[in-house]
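Observations on the three-dimensional arrangement
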Amino acid sequence: DDERYTKFVGKEVILPISKKAIKIIADEHVEKEFGTGVVKVTPAHDMNDYEVGLKHNLEFISVFNEKGILNEHCLEFQGLERLEAREKIVTKLESLGFIEKIEEYNNQVGYCYRCNNIVEPYISKQWFVKKEIAQESIEKVALGESKFYPNHWINSFNAWMKDLRDWCISRQLWWGHQIPVYYCECSHEWASQHTPKTCPKCQSQNFKQDEDVLDTWFSSGLWAMSTLGWGNENWGKDKIWSEKDLKDFYPNSLLITGFDILFFWVARMMFQ
Ligand SMILES: [Zn+2]
Ligand SMILES: [Zn+2]
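Since this is a predicted model, take the numbers as computed values, not measurements.

Within the protein chain one finds eight helices and nine strands. Taking 19 Å as the expected radius of gyration for a compact globule of 272 residues, we find that the protein chain reaches 25 Å, considerably beyond that expectation. Principal axes of the C-alpha set define a box for the protein chain whose edges measure 75 × 55 × 35 Å. Counting every position in the protein chain, which comprises 272 residues, the buried fraction comes to 25%.

Turning our attention to the pattern of salt bridges. Going through the model one piece at a time under the given rule, you end up with twelve salt bridges. The residue Glu81 makes a salt bridge to Arg82 at a minimum N-O spacing of 2.8 Å. You can call Glu81 partly exposed: its relative accessible area is 24%. Through salt bridges with shared partners, one network takes in Glu81, Arg82, Arg86 and Glu120.

Before going further, it helps to examine the environment of Thr257. Looking at the element boundaries, Thr257 is found in the loop between helix 7 (245–249) and helix 8 (262–271). Residues Thr257 and Tyr122, 135 residues apart in the sequence, show an inter-C-alpha distance of 34 Å. Beyond its immediate stretch of four places on either side in the chain, Thr257 contacts Trp265 and Val266.

Each assigned domain of the protein chain is listed with its residue range as follows: domain 1 (6–95) and domain 2 (128–271). Computed from C-alpha coordinates alone, the two centres of domain 1 and domain 2 are separated by 39 Å.

Helix length check: helix 2 (residues 82–95), at 14 residues, gives a terminal C-alpha distance of 20 Å against a target of 20 Å (1.5 Å per residue), a fit within 8%. For helix 2, the complete set of buried residues consists of Arg82, Ala85 and Leu93. The buried residues of helix 2 occupy an angular sector of 70° when the element is viewed end-on, so they sit on one face. The outward face of helix 2, more than 90 degrees from its buried face, is lined by the exposed residues Glu87 and Ser95.

On to the coordination of the zinc ion (ligand 2). Protein-derived ligands of the zinc ion (ligand 2) are Cys184 (SG), Cys186 (SG), Cys199 (SG) and Cys202 (SG), with the metal-ligand distances lying across 2.2 to 2.3 Å. For the zinc ion (ligand 2), the four donor atoms in the first shell make angles of 104 to 120° at the metal, a pattern classed as tetrahedral. All donor residues of the zinc ion (ligand 2) come from one chain, and their arrangement in sequence is C-x1-C-x12-C-x2-C.

Glancing now at the sheet that holds strand 7 (residues 189–191). Pairing within the open sheet is antiparallel, and its three strands lie in the order 7-6-8. Two strands in the sheet have a free side with no partner beyond their single neighbour: strand 7 and strand 8 (207–209). On average, each strand axis in the sheet is inclined to that of its neighbour by 25°, with strand direction left out of account. By the bridge criterion, three bridges tie strand 6 (residues 181–184) to strand 7 in an arrangement that is antiparallel. In the sheet register, Tyr182 faces strand 7, and the bridge partner there is Trp190.

As a further point, take the environment of Lys23. When you line up the elements, Lys23 lands in strand 2 (residues 21–23). For Lys23 and Val13, which are ten residues apart along the polypeptide, the C-alpha to C-alpha distance reads 6.4 Å. Setting aside residues up to four positions removed in sequence, Lys23 forms contacts with Lys11, Glu12, His56, Asn57 and Leu58.

What follows is about the nonpolar core. Counting 24 residues, the largest nonpolar core has Phe148, Phe157, Met161, Trp167, Ile169 and Phe218 as the members making the most contacts within it. Mapped onto this core, the elements with two or more residues apiece are helix 4 (153–162), helix 6 (223–226) and helix 8. Take this core: its biggest share by element is seven residues, from helix 8. In contact with Met161, other than residues within four places in its own chain, are Ala134, Ser137, Ile138, Phe263, Ala267 and Phe271. By size, the runner-up hydrophobic cluster in this structure holds eight residues, among which are Ile17, Phe64, Leu70 and Leu93.

The rules behind each value
- Residues numbered from 1 in each chain as written.
- Chains lettered and ligands numbered in written order.
- Predicted model: local features only at pLDDT ≥ 70, side-chain atom pairs only at ≥ 80, totals over all residues.
- Heavy atoms only, no water.
- Helix = DSSP H or I, 4+ residues; strand = E, 2+ residues; numbered from the N terminus.
- Rg over C-alpha atoms; globule rule 2.2 N^0.38 Å.
- Buried < 20%, exposed > 50% of the residue type's maximum accessible area, 1.4 Å probe, protein only.
- Salt bridge = Lys/Arg side-chain N within 4 Å of Asp/Glu carboxyl O.
- Contact = heavy atoms within 4.5 Å.
- Domains from an automatic or database assignment.
- Expected span 1.5 Å × (residues − 1).
- Arc of directions from axis to C-beta.
- Donors = N, O, S within 2.8 Å, 3.2 Å for Na, K, Ca; no water.
- Tetrahedral: all angles 85-135°; square planar, octahedral: opposite > 155°, others 65-115°.
- Pairing = 2+ DSSP bridges.
- Axes fitted to C-alpha atoms, helices over the stretch in contact; angles between N-to-C directions.
- Core = buried A, V, L, I, M, F, W, Y, C linked by side-chain atoms within 4.5 Å.

Quick look at the structure:
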């Protein structure tokens, strides 16, 4: 509803360097008062733009790989690191006479907590747990089968559970429980509780386990069982745990914990 631009909606603009035509759409995601009120949408590299892209059926073009190196969509800039490329692209736009003015403004950018690098949203394949898995625990809490002390923390629990999304449980890290999914050379894929010796379909030994690891909260959710011997096979048996521990102490009747992990840990344990 920005009448300054309604006449352009549905037409196309040409991206200056790549000469690619992109269609002009109208969406309430854009702040009319900010800058020109017009913005380029990058569905593959921004969370808001991703939603807009889905809504308007836009193309999802990833322009760099998982290391941040520009790919074949980037013409002469292919092979450059994304931050390095930014300056070069601006210089090129200037030389072609496409830059009207450059203004400084504050923007919210995500940084990596370890290396302080700027984080780029990037479309990738991940493992998710369906949010419906939480339904039973929501119902049981509503029936009073789990109690919170002080009682008002039930509101925090319910608020989290009301806004559930599918839970992304895979991470691309070195440390963690590796996802128990296996891929065979025969293209069979399967999940297994135990480390398999051969492919169940073709008996080949040439298969590999998914390289991703579980979200730390998924692993933490196993705590209740794993401290009682579950999954240890014979390791530590009769020294630090005994066979009847799991039966004696699980499910537990009391959990003392911090309110800040009520959702991340406690709720996840309840629905795991
Ligand atoms: Zn980092
Ligand atoms: Zn196989």
